[in-house]
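Residue-level listing of the chains:
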Amino acid sequence: MTAPRSVSLPRFSALLLLGLLALPAAPVLAAGGGGGDTAPAAPQDPDFKAGRAAIDKKDWAAAVPLFEKVVARDEKNADAYNWLGYALRNQGDYEKAFIAYGRALGADPRHRGAREYLGEAYLKTGNLAMAEEQLKKLDSLCTFGCAEYTELKNKIAAFKAGKSG
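Residues numbered from 1 in each chain as written. Predicted model: local features only at pLDDT ≥ 70, side-chain atom pairs only at ≥ 80, totals over all residues. Heavy atoms only, no water.

Participant: Got a minute to help me understand the side chain of N77 in this structure?
Facilitator: Checked against the element boundaries, N77 lands in the loop between α3 (60-73) and α4 (78-91). On the accessibility criterion, N77 (18% relative accessible area) is buried. For N77, the side chain forms a polar contact with the main-chain nitrogen of A80, separated by 2.9 Å. Beyond its immediate chain neighbours, meaning those up to four positions away, N77 contacts F48, V70 and V71. (Helix = DSSP H or I, 4+ residues; strand = E, 2+ residues; numbered from the N terminus. Buried < 20%, exposed > 50% of the residue type's maximum accessible area, 1.4 Å probe, protein only. Polar contact = N/O pair within 3.5 Å; in protein donor to acceptor, adjacent residues only side chain to side chain. Contact = heavy atoms within 4.5 Å.)

Participant: Mind showing me how you'd approach helix α2 (residues 46-56) here?
Facilitator: For an α-helix, the turn length of 3.6 residues means that residues three or four places apart are oriented alike. The set of residues buried in α2 consists of D47, F48, G51, A54 and I55. Projection of α2 onto a plane perpendicular to its axis shows the buried side chains occupying an angular sector of 120°, all on one side. Opposite the packed face of α2, turned more than 90 degrees from it, sit the exposed residues P46, K49 and D56. Positioned one or two residues after α2, K58 has a phi angle of 60°, which is positive. (Arc of directions from axis to C-beta.)

Participant: Explain the packing of aromatic side chains here, please?
Facilitator: Both the distance between ring centres and the angle between the ring planes are used here to describe each pair of aromatic rings. Tallied over the entire structure, the rule returns six aromatic pairs. Measuring from centroid to centroid gives 5.4 Å for W83 and Y86, while their planes differ by 85°, and the two rings are edge-to-face. Taken together, the residues span about one helical turn, with W83 and Y86 both in helix α4 at a distance of three residues. Residue classification places Y86 among the buried positions, given a relative accessible area of 19%. Put simply, the rings of W60, W83, Y86 and Y117 touch in pairs and so form one group of aromatic residues. We note R52 situated over the ring of W83; from NZ or CZ to the ring centre the distance is 4.1 Å. (Phe/Tyr/Trp six-rings, centres within 6.5 Å; stacked < 30°, edge-to-face > 60°. Lys NZ or Arg CZ within 6 Å of the ring centre and 35° of its normal.)

Participant: What am I meant to see in the nonpolar core here?
Facilitator: Looking at soluble globular proteins, one finds that nonpolar side chains tend to be buried together. Formed by 36 residues in total, the largest nonpolar core has its most connected members in I55, F67, W83, L84, Y86 and Y101. Among the elements of the structure, α2, α3, α4, α5 (94-107), α6 (112-124), α7 (128-141) and α8 (147-160) are those that each provide at least two residues to this core. Counting residues per element, this core draws most heavily on α4, which supplies seven residues. Those residues in contact with F67 that lie beyond four places of it in its chain are F48, G51, R52, I55, A80, W83 and L84. (Core = buried A, V, L, I, M, F, W, Y, C linked by side-chain atoms within 4.5 Å.)

Participant: Would you take a moment to explain the pattern of salt bridges for this structure?
Facilitator: Side-chain pairing between opposite charges can occur once the charged atoms of the two side chains come close. Evaluated as defined, the whole model comprises eight salt bridges. Across the salt bridge formed by E132 and K160, the nearest N and O atoms sit 2.8 Å from each other. Residue E132 is found in helix α7, and its partner K160 is found in helix α8; the two are separated by 28 residues along the sequence. K136 is paired through a salt bridge with E133; the nearest N and O atoms lie 3.8 Å apart. Of the two residues, K136 and E133 both sit in helix α7, three residues apart, roughly one turn of that helix. (Salt bridge = Lys/Arg side-chain N within 4 Å of Asp/Glu carboxyl O.)

Participant: What is the right way to read the state of the cysteines from this model?
Facilitator: Two cysteines joined by a covalent bond between their sulfur atoms form a disulfide. If you walk through the whole model with that rule in mind, you get one disulfide. Between C142 and C146 runs a disulfide, and the two sulfur atoms are separated by 1.9 Å. Between C142 and C146, the S-S dihedral sits near 50°, and the bridge is therefore right-handed. On the basis of relative accessible area, C142 is assigned to the buried category, the value being 5%. (Disulfide = S-S within 2.5 Å.)

Right under this line is the structure:
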């Protein structure tokens, strides 16, 4: 019987790296997702779920009161404030949308979705400088890039080229 062979440190490191590369990548959150530094979500709030369904149908008028109920019960729900802002922005109520995004970022300053959507709201109101500020903040939050950064960067480029967002 032969003794087990030892694996050299450089070979072990290479094997470990290959093993890590074989792991599936973490799913990318949609713009509604938070910063990734929050605790796992509690069981889904039925109003939140219905609000998301309304968003998916682009039924902004139905989504707004549903997310308003969620944030009335949970003032620290950054995702609900973000979606509330999104629905309000799509209704054209930028003033209230800015307030909702501000509350989302007050609850979670690293909320990438709120940063992206806030930047888009600034573009809709013609404020390129503030949109670019949100892009800078996303750049600092997204170490290796993220969908929210790319999306806002593309919208800013389109805005600069004279296209509507």
